[in-house]
Amino acid sequence: MVELSTIPQEVLDIAEGIRSMRIRGAGKIARSAAEALRIAAEKYQGEREPSVFRRYMAKVADTLIETRPTAVSLPNAVMYVMQAVFQQTSDFDELKKGVIDAANRFIEDSLNAVKRIAEFGSKRIRENSVILTHCHSTAAVSVITEAYRQGRVVKVYSTETRPFYQGRITTRQLLENGVPVVQIPDSAVRYIMHEVDQVVIGADTITSNGAVVNKIGTSQVALAAHEARVRVFVAAETYKFSPMTVIGELVPIEFRDPTEVVPQEWLEKHKNVRVLNPSFDVTPPEYVDAIITEVGVIPPQAAIMILTERLGWAIDKIKQAGLTKLRFEDLVED
Ligand SMILES: O=P(O)(O)OC[C@H]1O[C@H](OP(=O)(O)O)[C@H](O)[C@@H]1O
């Protein structure tokens, strides 16, 4: 049994940063988790014995994936790095170096993926487009910014995205990039949709049947777009596709603290009121026109192809281990 106290504080701070949403956005969370695993390997002080090192890394991995349940980018990033932890070798230095290299590779590939998505996705934005986006997605902001640079975006509507107001981050970033942006409350989406040409959003998780799990309110945006015959594009790296959904698992939806919705004093005054704060919702594939990934623009129905081609190794591992819940400490052999 590995104690939490053996994990470097810097690593625990990253885990806490993800839990508290100081570090947020599915891609950023994934890169931060990979970075945390790298730091954990670099700062490891225990025995130079592969099985002991593997057990320690599994504890770090489990600590990271327990922080937030919905975005699959987090366990996918951790699984990617942990493949190196489970490589067959009795050479401790080789093992440790393999882990550090895998983490660095994940971070670099992830950043390159966002650039490719901007390149591919911007081509799908028509001339003189008014875009609507929801929440804050680095991938979606990159697509919109690139299309603006190419002269095709005239205006962006950015929703506030209550209760955490990530839309304000989007608004600020678009402004910094020179993009004309209008902040709207979430409740104005249907009112404004008749002006919108295309919706561009990100994703936290994409299931094997092409459903998109993204920030709460996304499915309402997609529904309003569908009604107004406005196309919906989802910008998502391939590590946002969920291997667990291939074996029939549902994506867990995170419920956050009620005080993100109403102040503590209000709750104390109205003791009988129950407040619900679901952080994500599911948009069915029928409401999504295309998913823009770093390997190409696909219809949501092709999600399974991405999963088998890019994450086949993870699906095999999950099936072999008979997993219904990912827990790395269960995968370590002595
Ligand atoms: O990876 P990128 O494109 O940045 O973001 C993807 C998604 O992650 C965010 O979740 P949260 O704010 O962490 O709950 C939003 O739902 C956003 O659409």
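These figures come from a predicted structure and were not determined experimentally. In this numbering scheme, every chain counts its residues from 1 along its sequence in written order. With the structure being a predicted model, the display of local features is reserved for residues of pLDDT at least 70 and the display and counting of side-chain atom pairs for 80 or more, all residues being used for whole-chain, interface and lining totals.

1. A few points about the UniProt feature "binding site: substrate" (unreviewed entry) in the chain
Part 1: UniProt positions are given in the numbering used here, feature names are shortened, and annotations may be inferred rather than shown by experiment. Under the present numbering, the feature "binding site: substrate" (unreviewed entry) in UniProt falls on R24, G25, A26, G27, R68, N214, K215 and K240. A compact arrangement is adopted by the annotated residues: their sequence extent is 217 residues, whereas the largest C-alpha distance between any two is 14.3 Å.
Part 2: Neighbour density around each residue's C-beta defines its exposure: 20 or more other C-beta atoms within 10 Å make it buried, 12 or fewer make it exposed, and counts between make it partly exposed, where C-beta atoms are placed from the backbone. Its 27 C-beta neighbours within 10 Å are what place G27 among the buried residues.
Part 3: Secondary structure elements are taken from DSSP: a helix is a run of H or I of four residues or more, a strand is a run of E of two residues or more, and numbering for both begins at the N terminus. Of note, K240 is situated in the loop between β7 (231-235) and α10 (264-269).
Part 4: With 28 C-beta atoms counted inside 10 Å, the residue K240 sits in the buried group.
Part 5: What counts as a contact here is a pair of residues whose C-beta atoms, placed from the backbone, lie within 7 Å. For K240, the residues in contact, after removing those within four places along its chain, are A26, V72, S73, A203, D204, T205 and I206.

2. Examining the nonpolar core
Part 1: Ranked by internal contacts, the top residues of the largest apolar core, which has 98 residues, are L37, M57, V78, V81, I144 and V234.
Part 2: Look past the residues within four positions of V78 in its chain and what remains in contact with it is A33, L37, A61, L64 and I65. The term nonpolar core refers to a set of buried Ala, Val, Leu, Ile, Met, Phe, Trp, Tyr and Cys residues connected through C-beta atoms within 7 Å.

3. A look at the site of the ligand
Part 1: Working rule for contacts: place C-beta from the backbone, and if it is within 6 Å of a molecule or strand, that residue counts as near it. Around the ligand, the surrounding shell holds 16 residues, and the nearest of these are G25, G27, S137, T138 and G202.
Part 2: When contributions to the shell around the ligand are tallied by element, the ones reaching two or more residues are α2 (26-42), α6 (138-149) and β6 (212-215).
Part 3: Element by element, the count of residues in the shell around the ligand is highest for α2, at three residues.
Part 4: Ten residue types, Ala, Val, Leu, Ile, Met, Phe, Trp, Tyr, Cys and Pro, are classed as nonpolar, four, Asp, Glu, Lys and Arg, as charged, and the remainder, Gly among them, as polar. Among the residues making up the shell around the ligand, the classes are represented as four nonpolar, eight polar and four charged.
Part 5: Shared between two domains, the shell around the ligand holds at least three residues of each, these being domain 1 (4-115 + 313-330) and domain 2 (129-311). Marked domain ranges trace back to an automatic or database domain assignment.

4. Description of the pairing of strand β3 (residues 181-184)
On a regular strand, one side chain projects to one face of the sheet and the next to the other, so that they alternate.
Part 1: Here strand β2 (residues 153-159) pairs with β3 via four bridges, running parallel. Bridging across to β3, T159 finds its partner in I184.
Part 2: You can see the chain leave β2, run along helix α7 (residues 166-176) and come back into β3, and the turn it takes is right-handed. Whether two strands pair depends on DSSP finding at least two bridges between them. We call a crossover right-handed when, viewed with both strands directed away from the observer, the connection leading from the first strand over the helix to the second proceeds clockwise.

5. Observations regarding helix α4 (residues 73-85)
Since there are 3.6 residues in each turn of an α-helix, residues three or four apart along the chain are aligned in direction.
Part 1: What a helix should span is 1.5 Å times the count of its residues minus one. With 13 residues, α4 should cover 18 Å at 1.5 Å per step; its first-to-last C-alpha distance of 19 Å lies within 8% of that length.
Part 2: In terms of burial, α4 is a largely internal element, twelve of the 13 residues being buried.
Part 3: Turning to α4, its buried residues are S73, L74, P75, N76, A77, V78, M79, Y80, V81, M82, A84 and V85.
Part 4: Looking at the buried side of α4, the elements it contacts are α2, α3 (50-65), α5 (92-122) and α11 (303-321).

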